[in-house]
Amino acid sequence: MPPKSSDDPARFRYEQLVCELSGLIRAGTFAPGERLPSVRKLKQQKKISATTILQAYRLLEDQGLVEAKPQSGFYVRPQIFMQPNRPRLTEPRSNPCEVDISDFLLEFFDSVSCSSIVPLGAAIPAGDLLPREKIYGFLAAAARSKAVDPKHYVCPRGIRALRHQIARRVYPRGVNLTDDDIMITCGATEAITLCLSAVAKAGDVIAVESPTYFGTLQIIECLGMRALEIPTCPTEGIQVTSLERIMQHNDIKAVLVQPSFHNPLGCVMPEADRADLVALCTRHQVPIIEDDLYGELSFEAPPPDLLKKHDRDGWVLTCSSFSKTLTPELRIGWVAPGRFFRQVQRAKLGHSLATAIPQQQAIAEFMRKGGYDHAIRRMRRVFCASLSRAIQAIGEWFPPETKATRPLGGFVLWVELPAEVNAMCLYREALDRGVSIAPGRLFSADDQYNNHIRLNCGVHWDTRVENAFKTLGHLTHELANPPSEDLLVAN
Ligand SMILES: Cc1ncc(COP(=O)(O)O)c(C=O)c1O
């Protein structure tokens, strides 16, 4: 994504200032240990209020970039020197694979659902960050209301009020949809399942980013399809030129991508690559399933446009849900299936017939009354701060060869550990010490990323989380440098 200007009129003035200053800190203009301009000086220079400047400095403090010294001012924190490097472009083996991750995934879900564990494993925002109370208020009202006719049960598309809100919501992201272009589903999981069932059959090959979200791999496994992993850049996403080359030798039936704030890489595809991807697939008549689950959680306002913006002929099927922005437990998602509407509708009939109605009503009302933007704004601020702290903690506590991504949205971090560290061992050792993580091999169909982990940073950064990062750092050091056998014998 081209860097957004800090003059973006859509942001608040303090957000523009944070963007400006964090850029200058990262570029070294304000070096570690140096003092930022005083509030008084900046107020005169920029003609903005002291409150706005203080609000910006406090946010930089939350992000761990600066620290306040009493009676003295705000200083760039020293440890940002220790920030880890970024991972490089991935190079998966380019042959289609059967997927076999369900058994381990069941074990993983069992282990991460324990409430006493520090939850860095599953990608779920902390409960108090989600507007659950408000949504449950609307849900109670929906349960009491008699406005919805039970006949809606036989409307596989979902209620119009929600489809209407979604169509309005995607318009500023470059896509003109009507209520009739959208279908409501049981979460994005069902949306993706329906899309894959509509465009491919068992044995077919589906191109995916490498690494990719394990749920996508699991759906491919359940449908008996095969995954083909495509080289993916940790900052710019799937490599369209590699996909084009691989397409010449493989009969790919669909491409499944997350163009905005990819899980687990956090990357965003540049606009030119998006246009190339849609043009390539349209030329080859290969459907693209766009998973936009994290698209709204951009740290820079406004969020990136949808891939579907480039779609003239209906080859892009866009899927999303409210799991990361409202709450996952309502299980409401949606799909805009383009030219495959009829096939997806047929798949929905066989899969679940229709989606629960009170949940749809509650979300539609919440969106109509305007609470959605406020809730997302708060989440973005906390996620951005926690990711920033996590990156610094990795720089401080993990071995120096460790690499980490720099997401510009969402709330997951992808970490490459030293080559000799087995992430499965780290996962088990960390669980024993009360910390869950997601081991890297879950994100590949081809047994890769054995020295990688994904960390959920959708949490408030507090001492418990900080200590969990210290524990992970110590364990990683131990696994990278196991005591030699001679030493063990001597002891
Ligand atoms: C990238 C991605 N797609 C889809 C899903 C599934 O979403 P839902 O809970 O709406 O089924 C997830 C859940 O974590 C995800 O991270």
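Residues numbered from 1 in each chain as written. Predicted model: local features only at pLDDT ≥ 70, side-chain atom pairs only at ≥ 80, totals over all residues. Heavy atoms only, no water.

Asker: Explain the domain arrangement of the protein chain here, please?
Answerer: Note: interface size is frequently given as the accessible area lost on complex formation between the parts. Here the protein chain is described as being made up of domain 1 (13-81), domain 2 (131-371) and domain 3 (374-486). Distance from the C-alpha centre of domain 2 to the C-alpha centre of domain 3: 28 Å. Across the domain 2/domain 3 interface, buried area totals approximately 2,300 Å², and carbon plus sulfur atoms make up 66% of it. When residues of domain 2 are sorted by the area they lose upon contact with domain 3, F214, P264 and F299 head the list and together hold 29% of the total. Counting the contacts that link domain 2 with domain 3 gives 0 salt bridges. (Domains from an automatic or database assignment. Buried area = accessible area lost by both parts, 1.4 Å probe. Salt bridge = Lys/Arg side-chain N within 4 Å of Asp/Glu carboxyl O.)

Asker: Help me understand the pairing of strand β18 (residues 452-456), please; the structure alone is not making it clear to me.
Answerer: Two faces make up the sheet, and in a regular strand the side chains alternate between them. Taking burial as the measure, the 5 residues of β18 include 5 buried ones, the bulk of the element. The alternating pattern of β18 places H452, R454 and N456 on one face and I453 and L455 on the opposite face, and all of these are buried. Alignment of strand β15 (residues 412-416) against β18, held across 5 bridges, turns out to be antiparallel. Across the sheet, the residue bridging to W414 is R454, located in β18. As judged from the 2 bridges shared by strand β17 (residues 438-439) and β18, these two strands associate in the antiparallel manner. Across the sheet, P439 pairs through a bridge with I453, a residue of β18. (Buried < 20%, exposed > 50% of the residue type's maximum accessible area, 1.4 Å probe, protein only. Helix = DSSP H or I, 4+ residues; strand = E, 2+ residues; numbered from the N terminus. Pairing = 2+ DSSP bridges.)

Asker: What's the story with the site of the ligand in this structure? I'm lost.
Answerer: For the ligand, the set of nearby residues contains 13 residues, the closest of which are A188, T189, D291, S321 and K324. At a separation of 2.8 Å, an oxygen atom of the ligand approaches a polar side-chain atom of N263. The contact in question runs from an oxygen atom of the ligand to an N or O atom on the side chain of Y294, over 3.0 Å. When the ligand is considered free in solution it has 390 Å² of accessible area, and contact with the protein chains removes 93% of it. Considering each element in turn, the shell around the ligand owes the most residues, 3 residues, to helix α7 (residues 187-199). (Near = heavy atom within 4 Å. Polar contact = N/O pair within 3.5 Å; in protein donor to acceptor, adjacent residues only side chain to side chain. Areas by Shrake-Rupley, 256 points an atom, 1.4 Å probe, with all protein chains shown as cover.)

Asker: What is the right way to look at the sheet that holds strand β13 (residues 333-336) in this model?
Answerer: Pairing between the strands of a sheet comes from backbone hydrogen bonds, and it takes one of two forms, parallel or antiparallel. Pairing in this open sheet of 8 strands is mixed, and the strands run β3-β7-β6-β10-β11-β12-β13-β5 from one edge to the other. Strand pairing shows two members of the sheet lacking a second neighbour, β3 (97-98) and β5 (183-185), which therefore form its edges. Strand direction decides the pairing type here: strand β6 (residues 205-209) and strand β10 (residues 252-257), joined by 4 bridges, are parallel. Looking across to β10, one finds that A207 is bridged to V255. Seen against the sheet, helix α8 (residues 214-222) touches β6, β7 (226-230) and β10 and runs at an angle of roughly 175 degrees to β6. Strand contacts of helix α11 (residues 341-351): β5, β12 (316-321) and β13, with the helix running at about 35 degrees to β5, the strand carrying the most contacts. (Contact = heavy atoms within 4.5 Å. Axes fitted to C-alpha atoms, helices over the stretch in contact; angles between N-to-C directions.)

Asker: Which parts of the structure should I look at to understand unusual backbone geometry?
Answerer: The bulk of non-glycine residues show a negative phi, and the bulk of peptide bonds are trans. Here the residue pair S210 and P211 is connected by a cis peptide bond, since its omega of 0 degrees sits within 30 degrees of zero. Position of P211 relative to the elements: it lies in the loop between β6 and α8. A cis amide bond links N263 to the next residue, P264, at an omega of 15 degrees. Here P264 shows up in the loop between β10 and α10 (271-284). The phi torsion at K47 lies on the positive side, around 55 degrees, for a residue other than glycine. A relative accessible area of 70% places K47 in the exposed class. The backbone phi angle of Q71 is positive, close to 60 degrees, even though this residue is not glycine.

Asker: Just checking my understanding: could you explain the pattern of salt bridges for this structure?
Answerer: This structure, assessed with the given rule, holds 23 salt bridges. With its nearest N and O atoms 3.0 Å apart, the salt bridge here joins R58 to E61. Linking R58 with E61, this pair stays in helix α3 (residues 50-62), spanning 3 residues, or about one helical turn. D305 is the salt-bridge partner of K309, the closest N and O atoms lying 2.9 Å from each other. On the basis of relative accessibility, which here comes to 26%, the residue K309 falls in the partly exposed class. One network of salt bridges, in which partners are shared, links R157, R160, R163, D179 and D180.

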